[in-house]
Amino acid sequence: MSKRIKIAELLQSSKTGTTVNVKGWIRTFRNNQFIALNDGSTNTNIQVVVDFENTDPAELKRYTTGAAIGVEGELVSSQGKGQTVEIIARRIEVYGDCDAEVYPLQPKKHSLEFLREIAHLRFRTNTFAAVFRVRHALAFAIHKFFNDKGFVYIHTPIITASDAEGAGEMFRVTTLDAVKPPMNEAGEVDFSKDFFGRAANLTVSGQLEAELGALALSEVYTFGPTFRAENSNTTRHLAEFWMIEPEVAFADLQDNMDLAEDMLKYVIRYAMDNCREDLEFLSNRQAEEEKSMPQNERSEMSLTQKLEFCLANDFERITYTEAIDILRNSNPNKRKQFKYLIDGWGADLQSEHERFLVEKHFKKPVILTNYPAEIKAFYMRQDDPKEGVPGPTVAAMDILFPGIGEIVGGSQREERLDRLTAKMREMHIPEEEMYWYLDTRRFGTCPHAGYGLGFERLVLFVTGMTNIRDVIAFPRTPGNAEF
RNA sequence: GCAUCUUUAGCUCAGUCGGUUAGAGCGGCGGACUGUUAAUCCGUAGGUCCUAGGUUCAAGUCCUAGAAGAUGCGCCA
């Protein structure tokens with residue numbers, strides 16, 4: 001028996017006239033004669049031609065949608081249209097039968113909602129196979145990008161006893177009895193009896209630990225799971241998601257923006273170069289999906305055009321203060337079409353405002369910088385006062401993408417100890433618990449900057465999917481942790 | 001958490017003004033055909049109309065509550 005060859009490789013390199021061995025899952029069995037076989041290496045099926053006249057009818061009955069088989073036969077040029085080569089089967093072995101009466105996947109279009117309910121089987125569809133191959137390529141490209149630049153990949157802790165990260169509600173990690181936990185004299189749960197001797201949670205960010213690494217290794221990044229116990233019900237939030245957090249010493253806000261823009265363009269380019277077939281499939285899928293939508297809601301560009309456009313143009317970089325000016329003078333604001341009208345400097349931007357800037361005004365990715373200090377985190381570097389800017393700002397930057405909103409959030413960090421501790425006191429962040437973070441400012445502090453990239457949001461953008469639950473294998477959202 | 005919408009066969013959906021036995025396509029099953037492309041053609045089975053109440057001579061259809069899902073907003077990546 002010859003060695004198994006993956007279908008993607010076979011379609012690229014194999015010569016007709018040779019004996020080949022493929023293994024995979026049946027997509028359809030047509031005309032009692034033609035098996036469309038898929039092994040996940042590509043969305044293109046290989047056609048297997050069955051000599052039905054010389055095959056036991058009981059065996060033919062086993063060639064159903066979803067069945068796992070191995071095929072040995074000769075690769076020949078196809079007589080039919082629709083494929084250039086096919087395999088004339090000499091031997092077919094059924095590894096796993098698939099009862100067509102109860103198997104949920106049919107050779108037809110299924111809704112994404114239905115497939116989400118059978119997430120354990122949806123890998124077997126063209127759409128999800130393409131999404132997960134692209135997801136893999138993007139993950140690999142991120143490691144390659146940072147590796148090639150000399151960054152050190154840091155594994156920051158998943159479990160943390162720090163609750164000062166301030167990035168959101170946390171999931172508690174405990175081995176205490178949930179029904180009768182030990183209590184202290186004050187009548188509170190006694191976490192000193194817990195596994196870690198103190199209250200512990202799942203991480204909401206690896207940034208603070210990444211900073212510790214950056215102030216010795218110069219350039220580090222994290223890429224790991226992140227947990228937020230927010231009751232968020234949207235197409236772009238997950239309770240468990242993957243985040244990339246680079247942190248760079250001797251870097252300012254400009255360097256930070258340059259790095260983020262370079263990284264995004266690099267990984268999108270990588271996906272375009274390495275997942276051409278899948279992206280074209282997803283591009284067609286999106287176009288097909290939008291046919292049932294009214295004209296004004298359809299994308300102006302196809303998915304692949306959108307990605308090319310994103311690579312060809314610089315991201316628009318403007319300050320918060322400039323953005324407020326644009327929004328204040330915008331038509332929707334003058335005509336009172338915004339739900340929240342812009343009347344002054346200092347308010348946080350609503351998603352309708354971000355969408356206006358990205359999708360209507362600039363029509364490309366936008367980097368917003370120098371937000372009011374009041375609406376941003378304690379660790380962001382305080383800007384010097386500037387002519388024409390009404391209040392104190394920080395060296396923050398958010399990258400906004402069309403259809404996604406905020407994909408990157410970052411800043412230059414406050415490296416000056418006195419400024420940092422003053423801010424922490426102001427925001428009631430306990431200094432004693434953060435001694436290890438403050439030590440970096442006590443001992444050899446330096447300017448540094450970093451950002452967080454939501455990996456699933458990146459995958460959403462590149463695949464053209466619209467719900468974040470469809471770009472992670474087994475989504476965790478409020479009320480749902482199935483599989 | 002808030003708002004809006006949806007829930008009818010395994011899947012995708014139709015179901016008029018509240019009125020007889022709730023329909024179609026795909027899928028399944030049986031058969032025909034045998035170079036098909038989500039094959040095609042013929043036949044056939046398949047229903048807790050999301051759940052619980054209510055209005056009515058009569059409810060898939062109207063009302064109330066609940067559940068699940070979708071979308072938008074808030075929180076953010």
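Residues numbered from 1 in each chain as written. Chains lettered and ligands numbered in written order. Predicted model: local features only at pLDDT ≥ 70, side-chain atom pairs only at ≥ 80, totals over all residues. Heavy atoms only, no water.

**A word on the sheet that holds strand S4 (residues 68-77)**
Ordered by their spatial adjacency, five strands build a closed barrel running S1-S2-S3-S5-S4, and the pairing between neighbours is mixed. When strand polarity is set aside, the average angle formed by the axes of neighbouring strands in this sheet is 55 degrees. Pairing geometry for S4 and strand S5 (residues 85-96), over ten bridges, is antiparallel. Bridged to Val76 within S5 is Glu86. (Pairing = 2+ DSSP bridges. Helix = DSSP H or I, 4+ residues; strand = E, 2+ residues; numbered from the N terminus. Axes fitted to C-alpha atoms, helices over the stretch in contact; angles between N-to-C directions.)

**Here's the deal with the protein's contact with RNA strand B**
Around RNA strand B, a shell composed of 50 residues is seen, among which Lys81, Arg116, Asn231, His237 and Arg457 lie nearest. The contact in question runs from a base nitrogen of RNA strand B to an N or O atom on the side chain of His237, over 2.9 Å. Leu238 places a main-chain nitrogen or oxygen 2.9 Å from a base nitrogen of RNA strand B. For the surface near RNA strand B, the secondary-structure elements that each account for two or more residues are strand S1 (19-30), helix H3 (112-117), strand S11 (240-249), helix H11 (351-361), strand S15 (405-412) and strand S16 (448-454). Among the elements that take part in the surface near RNA strand B, S15 stands out by supplying four residues, more than any other. Taken together, the residues of the surface near RNA strand B break down into ten nonpolar, 24 polar and 16 charged. (Near = heavy atom within 4 Å. Polar contact = N/O pair within 3.5 Å; in protein donor to acceptor, adjacent residues only side chain to side chain. Nonpolar A, V, L, I, M, F, W, Y, C, P; charged D, E, K, R; others polar.)

**Side note on the domain arrangement of chain A**
Here the domain parsing of chain A yields domain 1 (7-107) and domain 2 (124-169 + 204-315 + 364-470). Listed by partner, the interface residues are ten residues for domain 1 and nine residues for domain 2. Counting the surface lost from both domain 1 and domain 2, the interface buries some 730 Å², and carbon and sulfur atoms represent 31% of this. There are zero salt bridges connecting domain 1 and domain 2. Its residues placed into classes, the side of domain 1 that touches domain 2 shows three nonpolar, six polar and one charged. (Domains from an automatic or database assignment. Contact = heavy atoms within 4.5 Å. Buried area = accessible area lost by both parts, 1.4 Å probe. Salt bridge = Lys/Arg side-chain N within 4 Å of Asp/Glu carboxyl O.)

**Digging into unusual backbone geometry**
Peptide bonds are trans in most cases, and residues, glycine excluded, mostly fall at negative phi. One non-glycine residue, Phe250, lies in positive phi territory at about 60 degrees. Relative to the helices and strands, Phe250 resides in the loop between S11 and helix H6 (253-274). Here Phe483, not a glycine, exhibits a phi torsion of approximately 70 degrees, which is positive. Among the secondary structure elements, Phe483 is positioned in the segment after helix H14 (455-463). Among the residues examined, Phe483 registers a relative accessible area of 40% and is labelled partly exposed. (Buried < 20%, exposed > 50% of the residue type's maximum accessible area, 1.4 Å probe, protein only.)

**Comments concerning the sheet that holds S15**
Taken together, the eight strands give an open sheet; going across it, the order is S6-S10-S11-S16-S15-S14-S13-S12, and neighbouring strands pair in mixed fashion. Across the chains shown, the open sheet's two edge strands, defined by having one partner strand only, are strand S6 (152-153) and strand S12 (316-319). The pairing of S6 with strand S10 (residues 219-227) spans two bridges and is parallel. By the bridge assignment, Tyr153 is partnered in S10 with Tyr221. Each of S6, S10, S11 and S16 is contacted by helix H4 (residues 126-148), which is oriented at about 150 degrees to S10, the strand it contacts most.

**Points about the nonpolar core**
Formed by 91 residues in total, the largest nonpolar core has its most connected members in Phe146, Ile399, Leu453, Leu458 and Val462. At twelve residues, H4 tops the list of elements feeding residues into this core. Built from parts of two domains, this core gets at least three residues from each of domain 1 (7-107) and domain 2 (124-169 + 204-315 + 364-470). Look past the residues within four positions of Leu453 in its chain and what remains in contact with it is Ile142, Trp242, Met243, Ile244, Met263, Leu264, Ile407, Val408 and Leu458. Residues Tyr320, Leu349, Val366 and Leu368 belong to the second largest nonpolar core, which totals 29 residues. (Core = buried A, V, L, I, M, F, W, Y, C linked by side-chain atoms within 4.5 Å.)

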